[in-house]
Amino acid sequence: GHRAREQQHRWFASVPPNDWAHTVKLNNGVAMPLISLGTWQYSPAVAESTVRLGLSLGYNHIDAALDYKNQRSVGKALAEHDRASYFLTTKVPSRTSASSAFADTSKDLAADLEQLGLSYVDLMLVHFPPVGNTLHCAAMQEQWRALETFYRAKKARAIGVSNYCQSSLRCIARAANVTPAVNQIKYHIGMGPDPIGLRSYGDRLGIVTQAYSPLGDGTGELISGALVTGIGAKHNKSGAQVSLRWVVGHGVPVSTKSTSASHLTANLDLFGWEVSAQEKEALDAATSPKGHPSFMCDA
């Protein structure tokens, strides 16, 4: 009926709602909001309250995962909002058995929807390659086939990967019908704008690089360090805002995390200002803190 037609129209419309001011267009035309709110390492209660808070503050992209073990709570917070008003990314863990990867991944994909209480997600990612990476290439290809099937069934508006290196991407490309829309990797100041050449590799294939851990891991350097706070002072911004602005300034969408309303609000304030060419050069050249795009592969 009319409602189904309207939903289908909404589904294929790549033009985001008016309030989705800052988006990146994926290789299939879907618009993905540039800033997402992550839910890693949050207890179910904290995940629910943080997603509820984030959505109330203007976040329109939530990043979840089966492995985070808090998706029912994320779903509770999402249920209070119109489905078309937010973009939801989630993930499935890797598989090593070529014979069962398709079936096991299909179960995980269904579990994601069931836990979130959704009929579709906006972006579904393979969370990471298996230990041993392309030693399990056949399993990786079968897992990707499960995501393609899920995508064709309109249960995801886009599909992609996370923590994939060039070798991982080459492996699935040999059997793929759909090119991943996104590769979500660790990406922050100190790694340079094109760590291990992975971002430019993705660019050539039409794969959007998305950043996690944009403020580094277990270091305060990208929040309170001299380089970022010194530049921030000139723009009346915090060190963290400079670090996040560096990421989006390179055209890389970012997943950020905080349970604090003031930090969450500050993390959205990345547009309408920019660092100077000289400042950008200093940030691009920084070699600390160290980081690697993936914890599963090197090249």
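What counts and how
Residues numbered from 1 in each chain as written. Predicted model: local features only at pLDDT ≥ 70, side-chain atom pairs only at ≥ 80, totals over all residues. Heavy atoms only, no water. Salt bridge = Lys/Arg side-chain N within 4 Å of Asp/Glu carboxyl O. Buried < 20%, exposed > 50% of the residue type's maximum accessible area, 1.4 Å probe, protein only. Helix = DSSP H or I, 4+ residues; strand = E, 2+ residues; numbered from the N terminus. Disulfide = S-S within 2.5 Å. Expected span 1.5 Å × (residues − 1). Contact = heavy atoms within 4.5 Å.

A.B. asks: Before we go on, may I ask you to explain the pattern of salt bridges in this structure?
C.D. replies: Oppositely charged side chains may form a pair once their charged atoms are brought near each other. Under the defined criterion, the tally for this structure stands at 14 salt bridges. With a closest N to O distance of 3.8 Å, Arg95 and Asp104 form a salt bridge. Taking the relative accessible area as the measure of exposure, Arg95 reaches 25% and is therefore partly exposed. The closest approach of N and O atoms between Asp203 and Arg199, which form a salt bridge, is 4.0 Å. With a gap of four residues between them, Asp203 and Arg199 both fall in helix 7 (residues 198-205), about one helical turn apart.

A.B. asks: Where do I start with the state of the cysteines in this structure?
C.D. replies: In a disulfide, the sulfur atoms of two cysteines are held together by a covalent bond. Taken as a whole and judged by the stated rule, the model has two disulfides. In this model, Cys137 is linked to Cys171 through a disulfide, with the two sulfur atoms separated by 2.2 Å. Taking the torsion about the sulfur-sulfur bond, which here is approximately 110°, the covalent link between Cys137 and Cys171 counts as right-handed. Remark: Cys171 occurs in helix 6 (residues 166-173) and Cys137 occurs in helix 5 (residues 137-152); sequence separation between them is 34 residues. Judged on exposure class, the residue Cys137 and its partner Cys171 are both buried. Between Cys165 and Cys297 runs a disulfide, and the two sulfur atoms are separated by 2.2 Å. Across the disulfide from Cys165 to Cys297, rotation about the S-S bond amounts to roughly 95°, and the bridge is consequently right-handed. Taken together, the residues Cys165 in the loop between strand 7 (156-162) and helix 6 and Cys297 in the segment after helix 12 (277-285) connect sequence positions 132 residues apart.

A.B. asks: I'm lost on helix 4 (residues 101-116) in this one. Help?
C.D. replies: What sets the pattern is the α-helix's 3.6 residues per turn: residues three or four places apart point alike. Its 16 residues give helix 4 an end-to-end C-alpha distance of 22 Å, which sits within 8% of 22 Å, the value for a rise of 1.5 Å per residue. Of all the residues in helix 4, the buried ones are Ala101, Asp104, Thr105, Asp108, Leu109, Asp112, Leu113 and Leu116. Considering only its buried residues, helix 4 is in contact with helix 3 (71-78), strand 5 (87-92), strand 6 (121-126) and helix 5. Positive phi appears at Gly117, one or two residues downstream of helix 4, with a value of about 70°.

A.B. asks: Which parts of the structure should I look at to understand unusual backbone geometry?
C.D. replies: Generally, phi is negative for residues other than glycine and the peptide bonds are trans, each holding for most cases. Cis rather than trans, the peptide bond between Ser288 and Pro289 has omega equal to 0°. Locating Pro289 in the fold gives a position in the segment after helix 12. Even without a glycine there, the phi angle at Ser213 is positive, about 50°. Along the chain, the position of Ser213 falls in the loop between strand 9 (208-212) and helix 8 (221-224). Exposure remark for Ser213: the relative accessible area of 14% places this residue in the buried category. Backbone geometry at Asn236 places phi at a positive 60°, although glycine is not the residue there. In this fold, Asn236 is placed in the loop between helix 9 (226-235) and helix 10 (239-249).

A.B. asks: Could you clarify how one ought to interpret the environment of Ala158 in this entry?
C.D. replies: Topologically, Ala158 is positioned in strand 7. Judged by its relative accessible area of 1%, Ala158 falls in the buried class. Sequence separation between Ala158 and Asn28 is 130 residues; the distance between their C-alpha atoms is 7.4 Å. For Ala158, the contacting residues outside a window of four places in its chain are Leu26, Asn28, Asp122, Leu123, Met124, Tyr151 and Ala181.

A.B. asks: What's the story with the environment of Trp144 in this structure? I'm lost.
C.D. replies: Mapped onto the elements, Trp144 comes out in helix 5. Residue classification places Trp144 among the buried residues on the basis of a relative accessible area of 1%. When the C-alpha positions of Trp144 and Arg245 are compared, they lie 32 Å apart, and in sequence the two are 101 residues distant. Among residues more than four places away in sequence, those in contact with Trp144 are Val126, Ile159, Gly160, Val161, Ile172, Ala176, Val178, Thr179 and Pro180.

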